[in-house]
Amino acid sequence: MMNKPFEHRGFMLDVSRHYMPVENIKKLLDAASLLKMNRMHWHLADDQGWRLEIRKYPKLTEIGAFRGESFFGGVSRTENNCGFYTQEEARDIVAYAKDLGIEIIPEIEMPGHESALLAAYPEYGCRVPDDGSSSPYRYQVEVAPGIFPNLICGGQEDSLRFLKDILDEVVEIFPFPMVHIGGDEAMKLHWRRCPDCQKKIRALGLKNEDALQRELILEIGAYLSEKGRETIVWNDVLPGGPLPPYFIVQQWLYDEHLTTQFLASGGRIIISDTKNYYYDYPYGTTDVHHIWAYPRIPEYAREFEDQILGLECPLWAERVTNIDRAAFLLFPRMNAVAVKALSPEPMPWPAFRTHVKELQEIIEKNTVLTGAPEAFWEMDPEAAAEDREARRKMSYESEATPHIMKEIRHVRLDKAEHFMAELGIPREMILKGGDLMLKEIDEAFEKETGSAVSVPDAFGTQEQMSSTDTIDMQDTLPDSEKEQLSAAAQIALPVGTSELIHQFYDAMESRENGAWRDLPEDIWEATIACYPRFISEYRRSYGTDGFDRFFWTTRQRDAKLFRIGALEYEMITAENGDPVISVHIPSNVELVPESLNLSVEKARAFFKAYFPEWAEAPMVCESWLLSPLLKELLPESSHILLFQRAFDILETDPDNEDALEWVFHIAGGQRGSFKAEELKEDTSLQRKLKALYLKGIKPGAARGVLARRFGE
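Chains are numbered independently. Their residues run from 1 in the order of the written sequence. Owing to the predicted nature of the model, reporting of local features is limited to residues with pLDDT of at least 70; listing and counting of side-chain atom pairs is limited to 80 or more, with chain, interface and lining totals taken over all residues. As a rule here, side-chain values come from all non-hydrogen atoms in the structure, and water together with hydrogens is ignored.

S.K.: Give me the overall build of the protein: which residues, what numbers.
M.R.: Each helix and strand in the protein was counted, giving 28 helices and 16 strands. In terms of overall dimensions, the protein has C-alpha extents of about 100 × 65 × 50 Å along its principal axes. Buried, partly exposed and exposed residues are distinguished by accessible area as a fraction of the type maximum, computed with a 1.4 Å probe on protein chains only: under 20%, between the cut-offs, and over 50%, respectively. A total of 712 residues make up the protein; the buried ones form 57% of that total. In the protein, 73% of the contacts between residues at least 6 apart in sequence involve partners at least 24 apart. Accessible surface area values rest on a Shrake-Rupley calculation with a 1.4 Å probe, where residue burial reflects the displayed protein chains alone. Carbon and sulfur atoms form 51% of the exposed surface of the protein, whose accessible area is close to 29,900 Å². Under this rule, positive means Lys or Arg and negative means Asp or Glu; His and the chain ends count for nothing. In plain terms, the charge of a residue is placed at NZ if it is Lys, CZ if Arg, CG if Asp and CD if Glu. Charge-centre separation for the protein: the mean point of 79 positive side chains lies 3 Å from the mean point of 118 negative side chains. Only DSSP runs of H or I covering at least 4 residues are called helices, and only runs of E covering at least 2 are called strands; the numbering of each starts at the N terminus. A contact between two residues is defined here by any heavy atoms of the two lying within 4.5 Å.

As structure tokens, this is what we get:
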């Protein structure tokens, strides 16, 4: 059990979004020293600005340190947008902090958050053309908050050398033996399309782009280790697996179970949970009382206290343009963190508050910094809600909103592409569908901002697009050529690609914020796996990839139809208003009674827990598998007849032809042209059903209600 102050008592200062003059950083260091904080994590580079002079690469600051009018919402559009620290200034800050008992930990982000870096040196970004001869991506120092798809290329050795060159100078400036390299929020939209990245993935036998990021992070960590440095990364890096002992993980958001696993393997962490230590958040989200009440050792780290280096409170500066706003947000919340970091034993709230107040008085007496008034220290629910709403309105200021929405759309598309790849959807469909969505995102942004010029298109001009993206290029051609090109474009794009990507995009929204949000992960994954199944069924019928089940998959996407074990279950409402569960039989199911019964049991438990109105609803199935004709064709022991016996038949449909797709793989669009004499005869069931069709008899179907267990 840890019974001593934390070794790491830190705060993070982000200067990339808004530059902070040297004299103001020193004021914050003065205040931090009064609190006995001993580390400042200095976030020096991000999409919105590169702030540290690197002599080998002067354009990093010549270009990357400057941006124009910015749209962060609710703050000045021009204050402290530009500026950088010379190496002499950085060394001065390091020495000043050292005299106060504070060490400086620099952070140079990689592989994501690289817009400012790539605006200066675009040659180290990804290339789309197959020959790898040029970079079609255009970069700028970003003028809005958020996450952008601009990553350093993970496949070029020159890009890796570029990062190492930068770190060579960084470690000369900052003597403390820890360097932060980020590793967070790296969308892989570029990497999925980059021939260099894909070549390296294949050469190393990696699973995907996430594994490529891990390779990059590990190589950089090993390089820093050779220089006697330990590497800090955000916990986004953990899904790839264990890390060498010279890595330290900073926990900020999500995947706490992976952090627990990392601790169990012997790893060390810094705690910066957003729900307690992010002080760009309003006091209505995290006030002093909230900080006091939050466990000093979170549940996920409870068994590994000796491996917790300490606490750190980040101040992200998207909406912090000056020292006064920084002081308001940091103090007295940093005071509260200092008390928790230095005091292993729990402290009653009145004593804790008194201690925090005493520290605040010391800060305000000995510095020019003024923190938040006491009204913000312990906010009642109504005042807290008003404070959160004020922050929300500030963030979504009219001209900032399109930038936020563009970020949200990119992030959702990245998640959709990743999940589609995990499910095994063909790569061509993913990328071509994603390209269509990217175009829509750009068009939506241009419409919302009223200008296509305010933020250059990160995915290049139409002339730079791949020749297969003919739909996007049509507007650049003479009218005489458009019709011919349009026909070629339709051939190049697999059937249903646009609808597929739109549905997956909406499915990710449903999982994050909609109908699927609180439903079990295993059922979500099993249900959404219908998409690759339908694509493979299309391929089986037509001989090419495609997607034509639009009407069906909307029910899965919208959490109306669920795959639970062997079967699918859809919530419907009968004509009289009563709830009914419609049972569907997926094409990849084995009609084994044991698995069918288990599926029904799990489904009943699921509906009872999440949709109680349907908990006892009758289960009804309409399928060719219930056709009475099958009794004349199959032995009594067949799984199909065992399936039938569980149902009481309500009505029959002798004209139903669904068996054509199930048995002969003839899709709906092919039924008008098939010839009975050409039907396959590879299986006993095919031979028997073909004999019916040759006689002009259709297999038919039936509708029944589940009345007993399968196999009985």
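Anyway, onward from the coordinates.
S.K.: With reference to specific residues and values, describe the packing of helix 22 (residues 530–542) against helix 23 (residues 550–557).
M.R.: Helix 23 packs onto helix 22 with a crossing angle of 165° between their chain directions and a minimal axis gap of 11 Å. Classed by the angle they form, the pair helix 22 and helix 23 counts as roughly antiparallel. Taken as a pair, helix 22 and helix 23 cross one another with a handedness that is right-handed. On helix 23, the residues that touch Cys530, Tyr531 and Phe534 of helix 22 are Trp552, Thr553, Gln556 and Arg557. In this analysis, axes come from line fits to C-alpha atoms, helices being fitted only over the stretch in contact, and the angle between any two N-to-C directions falls in the range 0 to 180 degrees. Convention used here: angles under 35 degrees read as roughly parallel, angles over 145 as roughly antiparallel, angles from 65 to 115 as roughly perpendicular, and any remaining angle as oblique. Crossings are assigned a handedness: left-handed for a near helix turned anticlockwise from the far helix by less than a right angle, right-handed for a clockwise turn.

S.K.: Can you break down the pairing of strand 11 (residues 561–564) residue by residue, with the values?
M.R.: Every second residue of strand 11 is oriented toward a common face, with Leu561 and Arg563 on one face and Phe562 and Ile564 on the other, all of them buried. When DSSP finds two or more bridges between two strands, those strands count as paired. As defined by bridge partners, strand 11 adjoins strand 12 (residues 567–573) across four bridges and the pair is classed as antiparallel. Paired with Phe562 across the bridge in strand 12 is Tyr569. Following strand 11, the chain reverses through two residues before pairing antiparallel with strand 12; Gly565 in that reversal takes a positive phi of roughly 70°.

S.K.: Explain the packing of aromatic side chains to me, and be specific about the residues and the numbers.
M.R.: Ring geometry is summarised as follows: Phe, Tyr and Trp rings, the Trp one being its six-membered ring, pair when their centres sit within 6.5 Å, and such pairs are stacked at plane angles under 30 degrees, edge-to-face over 60 and tilted between the two. Under the counting rule described, the total for this entry stands at 42 aromatic pairs. Here the aromatic rings of Tyr57 and Phe162 are separated by 4.6 Å at their centres, their planes lie at 85°, and the arrangement is edge-to-face. One end of the pair, Tyr57, is in the loop between strand 4 (49–50) and helix 2 (59–62); the other, Phe162, is in helix 5 (residues 157–173), and 105 residues separate them in sequence. Like Tyr57, the residue Phe162 is buried in the burial classification. Plain terms: the ring middles of Phe419 and Phe504 are 6.1 Å apart, the flat faces sit at 70° to each other, and that makes the pair edge-to-face. With a gap of 85 residues between them, Phe419 in helix 16 (residues 401–423) and Phe504 in helix 20 (residues 497–513) connect regions that are remote in the sequence.

S.K.: Help me get a handle on the nonpolar core, residues and values and all.
M.R.: In this description, a nonpolar core means a group of buried Ala, Val, Leu, Ile, Met, Phe, Trp, Tyr and Cys residues linked to one another through side-chain atoms lying within 4.5 Å. With 120 residues, the main nonpolar core has Ile25, Trp42, Trp50, Leu60, Ile166, Phe174 and Phe331 as its most contacted residues. Among all residues touching Trp50, those that are not within four sequence positions of it are Leu44, Ala45, Leu60, Thr61, Gly64, Ala65, Gly83, Phe84, Ile108, Ala116, Leu117 and Ile166. Counting 77 residues, the second largest nonpolar core, distinct from the first, contains Leu413, Ile430, Val583 and Leu685.

S.K.: For the pattern of salt bridges, give the residues involved together with the corresponding values.
M.R.: Salt bridges are defined by distance alone: a side-chain nitrogen of Lys or Arg within 4 Å of a carboxyl oxygen of Asp or Glu. Scanning the model with the defined rule gives 52 salt bridges in all. Between Glu417 and Arg193 there is a salt bridge whose closest N-O contact spans 2.6 Å. Of this pair, Glu417 sits in helix 16 while Arg193 sits in helix 6 (residues 189–193), placing them 224 residues apart in sequence. Taking the relative accessible area as the measure of exposure, Glu417 reaches 0% and is therefore buried.

S.K.: Please set out the sheet that holds strand 11 residue by residue, giving values where relevant.
M.R.: Pairing within the open sheet is mixed, and its six strands lie in the order 11-12-13-14-16-15. Lying at the two open borders of the sheet, with one neighbouring strand each, are strand 11 and strand 15 (647–653). Each strand of the sheet is rotated relative to its neighbour by a mean of 25°, with strand direction disregarded.

S.K.: Tell me about helix 5, and name the residues and values.
M.R.: By this rule the span expected of a helix is its residue count minus one, scaled by 1.5 Å. Between its terminal C-alpha atoms helix 5 stretches 25 Å, which fits the 24 Å expected from 17 residues at 1.5 Å a residue. Among the 17 residues that make up helix 5, twelve are buried, leaving the element largely enclosed by the rest of the structure. Among all positions of helix 5, only Ser159, Leu160, Phe162, Leu163, Lys164, Asp165, Ile166, Leu167, Glu169, Val170, Val171 and Ile173 are buried.

S.K.: Quick rundown of the sheet that holds strand 8 (residues 247–251)? Include the residues and the values.
M.R.: Taken in spatial order, the eight strands line up as 1-2-5-6-7-8-9-10 and close into a barrel, and their pairing is parallel. Taking each pair of neighbouring strands and ignoring which way they run, the sheet shows an average axis angle of 30°. Here strand 9 (residues 268–271) pairs with strand 10 (residues 308–315) via three bridges, running parallel. Bridging across to strand 10, Ile270 finds its partner in Gly310. Helix 5 rests against strand 5 (103–110) and strand 6 (178–182) of the sheet, and its axis sits at about 170° to strand 5.

S.K.: Give a detailed account of the state of the cysteines, specifying residues and quantitative values.
M.R.: Any two cysteine sulfur atoms lying within 2.5 Å of each other are counted as a disulfide. Enumeration according to the criterion identifies zero disulfides in this entry. No disulfide involves Cys197; its nearest neighbouring cysteine sulfur is the one of Cys194, lying 3.7 Å away.

S.K.: So what about the environment of Asp165? Which residues, and what values?
M.R.: Considering the arrangement of structural elements, one finds Asp165 in helix 5. Sequence separation of Asp165 and Ala617 is 452 residues, and the distance between their C-alpha atoms is 66 Å. Excluding its chain neighbours within four sequence positions, the residues that come into contact with Asp165 are Lys56 and Tyr57.

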